[in-house]
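Observations on the model geometry
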Amino acid sequence: MDRKIEKKTWTPRKIAAVVGGAILLGGIIYQIGFADHRSTMNVDKDRLSIGTVKTGEFTDYILVSGQIEPARTVFLDAIEGGVVNKVVRESGALVRKGDTILVLNNSNLQLDVMQRETMLYEQINNVRQTRLLLDQNDLSQLGQLAEIDYQISLLEPQYKRFKELHDKKLVSDREFEEVKEQYDYNLKRRKLTYASYRNDSLARSYQLNQLKLSENRMQASLTGVGNILDNLIITAPIAGQLATPEQLEIGQAINPGQRYGQIDVLDEFKVRVPIDELYLPRIGQGLRGKFSLSGQDYELEISKIYPTITNGRFEVDMVFTGERPEGIRRGQSVRIRLELGQKETSLLLPTGGFFKDTGGNWVFVLNSAGNAEKRNIRLGRKNPEFYEVLEGLVEGEKVIISGYENFGTNEVLELK
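Reference entry: report on the structure contained in this document.

An order of β3-β16-β20-β19 is seen for the four strands of this open sheet, with the pairing classed as antiparallel. Unpaired on one side and paired on the other, β3 (54–58) and β19 (378–382) mark the two borders of the sheet. In this sheet, neighbouring strand axes are inclined to one another by 55° on average, regardless of whether the strands run parallel or antiparallel. Alignment of β3 against strand β16 (residues 344–350), held across five bridges, turns out to be antiparallel. What sits directly across from Lys54, in β16, is Leu348.

So, in C-alpha cells, the structure goes:
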C-alpha cells in the first residue's frame, strides 16, 4: 500500500535562501546606515612627513639675510678735478687722518689760481692806497688846525694889548680894527675847519672800517684761493680702511664731484638687512634679532629704517647690543632671526608643504587605527618653524605636514 510523503516546510535549500537573503539585507542596511563611504587612498607612510601638535612658546619671527657693514663710512668725492699724478695709498690700506691718498695735477686750475691771486693782490693794494689817502687827508686837516691855532696864539696877545691901548686912546681905531679882524677871522676859520674835520673824521672812520672789512675779506679770499690747490692733494679725513671701486692709475682723469672711494671706520660694525615690504608695518626701531657664527649667538637691534621700497624690499640697519664677533669683514653675510613680537604660549603645528595645498584650512590627522583622516582646522600666525593652531587640533595629535598634491580629493589615507 502506497504511503503519502509529506513535503517539508524548511528545506535546506529554502533555509540557505533565507539566510543568504538576510545576509544580503543586512549588508545593504550596513552600507546605507553604517559603512564609511569616504574616498580612500593607499599611501606609503615612509614617504610622508608627520608632525606632532604640541604646546610651547610661539615666537613671531622671520628669517632674513644681512650683510656686515662698517657702522660709519666717509665717502671720498673729488672737490677739484685733475689727472692722477701719484697714487700714495692703494685700496684696502689702513690710513690715519691726514694721510695722503692721491696727488692730482691740473694746469688750468693752477693758472686760474695765479690769475685770481694777482687780481686780489691788486685789489688789496687799492684798498691800502685808499686808506693811505684818507690818512693823508686827516693829517692835512690836522696841519691846518695846527696852523690856525698857531696864528691865534700869536694874534690873541696882540689883540688884548691893542684893545687896552685902544681903550686908553693910545692906538688909532684903524690899527686896532686890523688886529681885531685878523684875530676874529682866524677864530671863525678854526671853527669852520674843525667842523669840517669832525665831519670828515666820522666819514673817514666809517670808510676805514669798511676798508678794513673789505681787506679782511680779500685776505680770506686770497687764503681760500691758495687752498684750492691744496684740494689737488687728497688726504684721509678720518682714520680707517681705504676702499676704492676700481684701481686708480697714474694719468687717470678724475672729474669734480666724482666719488673715487671711501674710508670705513673699523671700530664698529652694523648689519644692513633687506626685508620684504609685506613686513614694513610691523618693523620698528628697537626690534631685536640674533644670528649664530662659529657656534656662538650674537644679538642685534634695529637702529634705523629706510622706508624706500626697491624691488619689493626695504632696508634696515641693525647694531650689536652686546659682544661683537671677532674677525668679521665688510660684505660678510649672516642669517638673522628677527623677532616681530613677544613670546606667547600656544598650540603649535610644525610647518610643512601642506599649507600651499590647503591654505591651512584642513589637514590629514592620524587616527587610532593608523590611518589619516581629513579634518578642518584654523591656523593663526606663522614663523619659519611653527604655525599657531587656533581650532581643530589638540596636543599630541599627529598630522601629515608634507605636501598634499598627490592625494587628490580623497578624505581617508590608508597608511602602509
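This part is about unusual backbone geometry. Of note in the backbone geometry, Lys169 takes a positive phi value of approximately 65° without being a glycine. Inspection of the secondary structure assignment puts Lys169 in the loop between α2 (107–167) and α3 (173–228). Judged by its relative accessible area of 71%, Lys169 is exposed. Its identity as a non-glycine residue notwithstanding, Asn311 has a phi of 55°, on the positive side. By secondary structure assignment, the location of Asn311 is in the loop between β13 (296–310) and β14 (313–320).

One pass over the full model with this rule turns up 26 salt bridges. Salt-bridge contacts for Asp99 lead to Arg96; the nearest nitrogen and oxygen are separated by 3.9 Å. Assessed through its relative accessible area of 13%, Asp99 is described here as buried. Looking at Arg96, the relative accessible area reads 60%, which means it is exposed. Between Arg378 and Glu391 there is a salt bridge, with the nearest N and O atoms lying 3.3 Å from each other. You can see Arg378 sitting in strand β19 and its partner Glu391 sitting in strand β20 (residues 386–391), a full 13 residues away along the chain. One salt-bridge network, held together by shared partners, links Glu69, Lys270, Arg272, Glu315 and Asp317.

Cut-offs applied
Residues numbered from 1 in each chain as written. Predicted model: local features only at pLDDT ≥ 70, side-chain atom pairs only at ≥ 80, totals over all residues. Heavy atoms only, no water. Pairing = 2+ DSSP bridges. Helix = DSSP H or I, 4+ residues; strand = E, 2+ residues; numbered from the N terminus. Axes fitted to C-alpha atoms, helices over the stretch in contact; angles between N-to-C directions. Buried < 20%, exposed > 50% of the residue type's maximum accessible area, 1.4 Å probe, protein only. Salt bridge = Lys/Arg side-chain N within 4 Å of Asp/Glu carboxyl O.

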